[in-house]
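One letter stands for each residue in the lines below.
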Amino acid sequence: MIRYMTAGESHGEQLVSIVDGMPADIKIDEKFLNNELSRRMVGYGRGGRMKIEKDKVHIVSGIRKGKTIGSPVSIIIKNKDFKIKELPPIFNARPGHADLAGALKYNQYDMRNMLERSSARETAEKVAVGALCKLLLKEFNIDMLSHVLVLGNVGAYTDEMSYEQIKKAAESADIRCADKKARVLMKEEIDKARQQGDSLGGICEVVIKGVPVGLGTYTQWDRRLDGEFAKALMSIQAVKGVEIGGGFELAFLRGSQVHDEIFYDKKNGFRRITNNAGGIEAGMSNGEYIVLRVAMKPIATLMSPLSTVNVKTKKEVSAQVERADVCAVSACGVVAEAVSAYVIANAMVEKFGGDSIGEMKRNYESYLKQVKNF
Ligand code: EPS
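What counts, and at which threshold
- Residues numbered from 1 in each chain as written.
- Predicted model: local features only at pLDDT ≥ 70, side-chain atom pairs only at ≥ 80, totals over all residues.
- Heavy atoms only, no water.
- Core = buried A, V, L, I, M, F, W, Y, C linked by side-chain atoms within 4.5 Å.
- Buried < 20%, exposed > 50% of the residue type's maximum accessible area, 1.4 Å probe, protein only.
- Helix = DSSP H or I, 4+ residues; strand = E, 2+ residues; numbered from the N terminus.
- Near = heavy atom within 4 Å.
- Polar contact = N/O pair within 3.5 Å; in protein donor to acceptor, adjacent residues only side chain to side chain.
- Areas by Shrake-Rupley, 256 points an atom, 1.4 Å probe, with all protein chains shown as cover.
- Nonpolar A, V, L, I, M, F, W, Y, C, P; charged D, E, K, R; others polar.
- Pairing = 2+ DSSP bridges.
- Contact = heavy atoms within 4.5 Å.
- 1 Å grid on protein atoms, 1.4 Å probe; cavity = no way out; pocket = protein on both sides within 12 Å on 5 of 7 lines; lining within 4 Å.
- Points joined across faces, edges and corners; volume = space filled by probe spheres on them.
- Salt bridge = Lys/Arg side-chain N within 4 Å of Asp/Glu carboxyl O.

### Some words on the nonpolar core
Reasoning step 1: Formed by 80 residues in total, the largest nonpolar core has its most connected members in L136, I208, F229, I344 and M348.
Reasoning step 2: Counting residues per element, this core draws most heavily on helix α10 (residues 329–352), at 16 residues.

Laid out in structure tokens, this is it:
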């Protein structure tokens, strides 16, 4: 099993993660890892912090001669904006942030102690870990994309676009939206929100290609692949909703309109024409593209702050104003990819045995043969 933990505060010295259970012999391409970190940092609507940071991985264990060796991999990312000791205390709790519940839970009046760890700065480490998992997935030709589907009240239209077209279009735009017309309107929305001291959320979609049939299982609740995705995606900072395939919309339709009919031909084996299930049936991958969506709430720090209470004086005040992003939906898609890469990598290791890539590949090939000859 692959497990990981992260540590580090937003303005602390550095972020750290330890990734345990990575198979041996994965080629580590640091350029790829750093490129993944930069994909997370772009995005129209991000704040001043992204101009300060130049995120780069520093791998300090688990690798020798450019390959994993089976022992835990630890990754450090330095914070250029390291100034945690100088930062003033926060007593005016921001609605929507970790401030108040965290203060009461940890018995701390200075809510800087909540802000610093709950900040989405931590997602830099999630992306580094996800990048490592993507290197494992590349060995099995598993690829993924993410794009912005909704930002504020603007929706993108991508129904007629192929996987490759969506990927190319999203990667070429700083807003990470594949629909050219929607991009313009989304940027206008962000500009408007910025002028009004407000913030915005949205919806991102992740599509994963090349996942074999049979990852995850229906036999136990905590081994279902859909459950694993829901947990990983829902745990991203500011995410309030997760959908798989047709998601909530399926509830309004009839069974005959929803379920993906099954066809068979000698050349391609079993196949579907529709994919309302989003590549997962009964907690297992079914061999189709996996389609996931996350809804991100608007950023909680507002330049025109909401009403709140000072936790020391108990008086009504305006919420703390801090430097923040107006909108981080574009970054959220990259983070959603990263945690999805972790879920798939972990499920691959579970199914195909994960001490070395060679062992995994032998088991994988033999399984594919079994499926083909079924
Ligand atoms: C964040 C607040 C901003 C964001 C930050 C998340 O940081 P700062 O308080 O330093 O201006 O830029 O995101 C990152 C630092 C990052 O790397 O994505 C928050 O409150 O969650």
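### Looking at the site of the ligand
Reasoning step 1: The local shell around the ligand consists of H11, R40, R46, R49, M50, H97, S119, A120, R121, R323 and D325.
Reasoning step 2: For the ligand, an oxygen atom lies 2.7 Å from a polar atom in the side chain of H11.
Reasoning step 3: Interatomic distance of 2.8 Å between a side-chain N/O atom of R49 and an oxygen atom of the ligand.
Reasoning step 4: Look at the ligand: alone it shows 470 Å² of surface, and the protein chains cover 92% of it.
Reasoning step 5: Tallied by class, the residues present in the shell around the ligand amount to two nonpolar, three polar and six charged.

### Considering the sheet that holds strand β7 (residues 143–151)
Reasoning step 1: The strand order across the open sheet formed by five strands is β8-β7-β9-β15-β10, and the pairing between neighbours is antiparallel. Where the open sheet ends on each side, the last strands, each with one partner, are β8 (154–155) and β10 (239–244).
Reasoning step 2: Two strands pair when backbone bridges link them, and strand β9 (residues 202–209) and strand β15 (residues 290–296) are joined in this way by seven bridges, in the antiparallel orientation. Across the sheet, E205 pairs through a bridge with R293, a residue of β15.

### Side note on the side chain of E205
Reasoning step 1: With respect to the element layout, E205 can be found in strand β9.
Reasoning step 2: Accessibility expressed as a relative area gives 10% for E205, which makes it buried.
Reasoning step 3: At 2.8 Å, the side chain of E205 forms a polar contact with the side chain of H147.
Reasoning step 4: Only 2.8 Å separates the side chain of E205 from the side chain of R293, close enough to count as a polar contact.
Reasoning step 5: When sequence neighbours within four positions are dropped, the list of residues in contact with E205 reads L145, S146, H147, L149, V291, L292 and R293.

### A closer look at empty space enclosed by the protein
Reasoning step 1: Applying the stated rule across the entire model yields one cavity of 30 Å³ or more.
Reasoning step 2: Forming the walls of the largest cavity are R94, P95, A300, L302, P305, L306 and A319.
Reasoning step 3: Grouping the amino acids of the lining of the largest cavity by side-chain chemistry returns six nonpolar, no polar and one charged.

### A closer look at the pattern of salt bridges
A pair can form between side chains of opposite charge whenever their charged atoms are brought close.
Reasoning step 1: The full count for this structure, using the stated rule, is 32 salt bridges.
Reasoning step 2: We note a salt bridge from R112 to E116, for which the minimum N-O separation is 3.8 Å. Taken together, the residues R112 and E116, both in helix α4 (residues 112–118) and four residues apart, mark about one turn of the helix.
Reasoning step 3: Here R112 falls in the buried class, since its relative accessible area comes to 4%.
Reasoning step 4: Assessed through its relative accessible area of 2%, E116 is described here as buried.
Reasoning step 5: Residue R271 pairs with D265 through a salt bridge whose shortest N-O separation is 2.9 Å.
Reasoning step 6: A cluster of three or more residues bridged by salt bridges with shared partners is formed by R40, R49, E53, D55, D81, K83, R121 and R323.

### Regarding the pairing of strand β6 (residues 73–78)
Reasoning step 1: Among the six residues of β6, five are classified as buried, and the element is accordingly described as predominantly covered.
Reasoning step 2: When strand β2 (residues 14–20) meets β6, the two strands line up antiparallel, connected through six bridges. Bridge pairing in β6 places Q14 opposite K78.
Reasoning step 3: One ladder, built from four bridges, connects strand β3 (residues 57–61) with β6; its direction is antiparallel. Bridging from a neighbouring strand, V57 pairs with I77 of β6.

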